[in-house]
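# Breakdown of the fold
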Amino acid sequence: MTPSPTQPFPKQAAKPAVLTVPAFKDNYLWLIHDGVHAAVVDPGDGQPILDALRENGLTLTAILLTHHHADHIGGVPLLLEHTRVPVFGPANDGIAAVTHPLKEGDRIDVPGLDMALSVLDVPGHTLGHIAYVRASGTPGANWLFCGDTLFGAGCGRLFEGTPAQMAQSLAKLAALPDDTLVYCAHEYTLSNLRFAEALEPGNKALQLRIEADSRARGTHLPTIPSTIAAEKATNPFLRAAEPAIVDSLVAAGRLARGADEVATFAALREWKNVF
Ligand code: ZN
Ligand code: FE
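Residues numbered from 1 in each chain as written. Chains lettered and ligands numbered in written order. Predicted model: local features only at pLDDT ≥ 70, side-chain atom pairs only at ≥ 80, totals over all residues. Heavy atoms only, no water.

## Let's talk about the domain arrangement of the protein
To be explicit about the condition: Bear in mind that the domain bounds are from an automatic or database domain assignment. Any two residues whose heavy atoms approach within 4.5 Å are treated as being in contact. Salt bridges are defined as contacts in which a side-chain nitrogen from Lys or Arg sits within 4 Å of a carboxyl oxygen from Asp or Glu. Contacts described as polar in this section are N or O atom pairs within 3.5 Å, which, within protein, must combine one atom able to donate a hydrogen with one able to accept it, while residues neighboring in sequence count only if both atoms come from side chains. Secondary structure counts use DSSP, requiring at least four H or I residues in a row for a helix and at least two E residues in a row for a strand, with both numbered from the N terminus.
According to the domain assignment, the protein consists of domain 1 (13–108) and domain 2 (122–275). Spacing between the C-alpha centres of domain 1 and domain 2 amounts to 24 Å. With 26 residues of domain 1 at the contact, the number on the domain 2 side is 25 residues. Where domain 1 meets domain 2, there are 1 salt bridge. The partner of lysine 172 in a salt bridge is glutamate 104, with the nearest N and O atoms 2.7 Å apart. Across the contact surface, domain 1 and domain 2 share 17 residue pairs in polar contact (both at pLDDT 80 or more). Counting residues per element, the ones that place at least two in the side of domain 1 that touches domain 2 are strand 1 (17–23), strand 2 (27–33), helix 2 (70–73) and strand 5 (87–90). Among the elements that make up the side of domain 1 that touches domain 2, the one with the highest residue count is strand 2 (4 residues).

## Examining the side chain of threonine 234
Here threonine 234 shows up in helix 7 (residues 228–234). For threonine 234, the side chain forms a polar contact with the side chain of arginine 209, separated by 2.8 Å. At 2.6 Å, the side chain of threonine 234 forms a polar contact with the backbone oxygen of alanine 230. Dropping the residues within four chain positions of it, threonine 234 is found in contact with Ala196, Asn203, Ala205, Leu206, Arg209 and Arg239.

## A closer look at helix 6 (residues 204–218)
Cut-off, in case you're wondering: The span one expects for a helix is its residue count, reduced by one, times 1.5 Å. Exposure categories follow from relative accessible area, calculated using a 1.4 Å probe and restricted to protein chains: below 20% of the type maximum is buried, above 50% is exposed, and the middle band is partly exposed. Working definition: the arc comes from the directions between the helix axis and the C-beta atoms, pointing outward to the latter.
The end-to-end C-alpha distance of helix 6 is 21 Å, a good match for the 21 Å that 15 residues give at a rise of 1.5 Å each. Those residues of helix 6 that fall on the buried side of the exposure criterion are Leu206, Arg209, Ile210, Asp213 and Ala216. Projected down its long axis, helix 6 shows its buried positions confined to an angular sector of 135°, all on one face. For helix 6, the exposed residues lying more than 90 degrees away from the buried face are Lys204, Arg215 and Gly218. Buried-residue contacts for helix 6 involve helix 5 (189–199), strand 14 (226–227) and helix 7. Where helix 6 begins, the capping side chain belongs to asparagine 203, and its oxygen is found 3.0 Å from the backbone nitrogen of alanine 205. Directly after helix 6, the chain includes histidine 220, whose backbone phi takes a positive value near 60°.

## Describing the pattern of salt bridges
Across all of its chains, the model carries 11 salt bridges by this definition. One salt bridge connects lysine 232 with aspartate 178, and the closest N-O pair in it is separated by 2.7 Å. Of this pair, lysine 232 sits in helix 7 while aspartate 178 is found in the loop between helix 4 (163–174) and strand 13 (181–184), placing the two residues 54 residues apart along the sequence. For lysine 232, a relative accessible area of 34% gives the class partly exposed. Among the salt bridges present, the one from arginine 217 reaches glutamate 187, with a minimum N-O distance of 3.9 Å. Pair noted here: arginine 217 is in helix 6 and glutamate 187 is in the loop between strand 13 and helix 5, with a separation of 30 residues, a long-range link. Given a relative accessible area of 27%, arginine 217 falls into the partly exposed group.

Rendered as structure tokens:
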């Protein structure tokens, strides 16, 4: 069959890729797509997603949500006005729009895409917060969509959960393969790195990351995705057991010598809130 101007060959689906859609002041909305179909993660705003779909010739096939905050779900009504697609999201985070409630251990085949995601419960920022993991085994194709749990060199604020819950959630994420790409929902990296540097001025990997990410932001490039390996090497919230970090907290009068790891984590989170 020959394509006519009105009936071109249908677009061929490619391997899934991730498109960065900036929104608001510092949010990233993620479009997972194969050149034909797309699933959006945490559409806090609808219009930038509609624009990105149109510009890239993509059809929306699913919405994936990590938690109930407005900057992550605010665009859902507008998107549903345009296309009725399934809305995947946490079973226990109070999101009325969710049609497919998820909890840890669930695995979904993303509608329209040749791709599976598994679900982790990561309470702390909110109590029902979930994360989506793509464990493809292929380098560059292991992905984590973690909302406001793990950030570049930081972690989300504890609006609902306890330090112990958040520390445990972060430990789950840190246990993912080193090459897992970390697609978090905010560009907070440079501010987080300033805090990390105050805690661990002698961390060489941290110094290199500060240089690289400062260069990226200097030209308005995203620092996200990062990797689990980079986070384990530089993110103080994954390094609460490091003697240098404990020493810095003790020296700042924010932690008693001999405190356990959860207390150290809590002291880190509290200091960051006012840093
Ligand atoms: Zn949030
Ligand atoms: Fe957020």
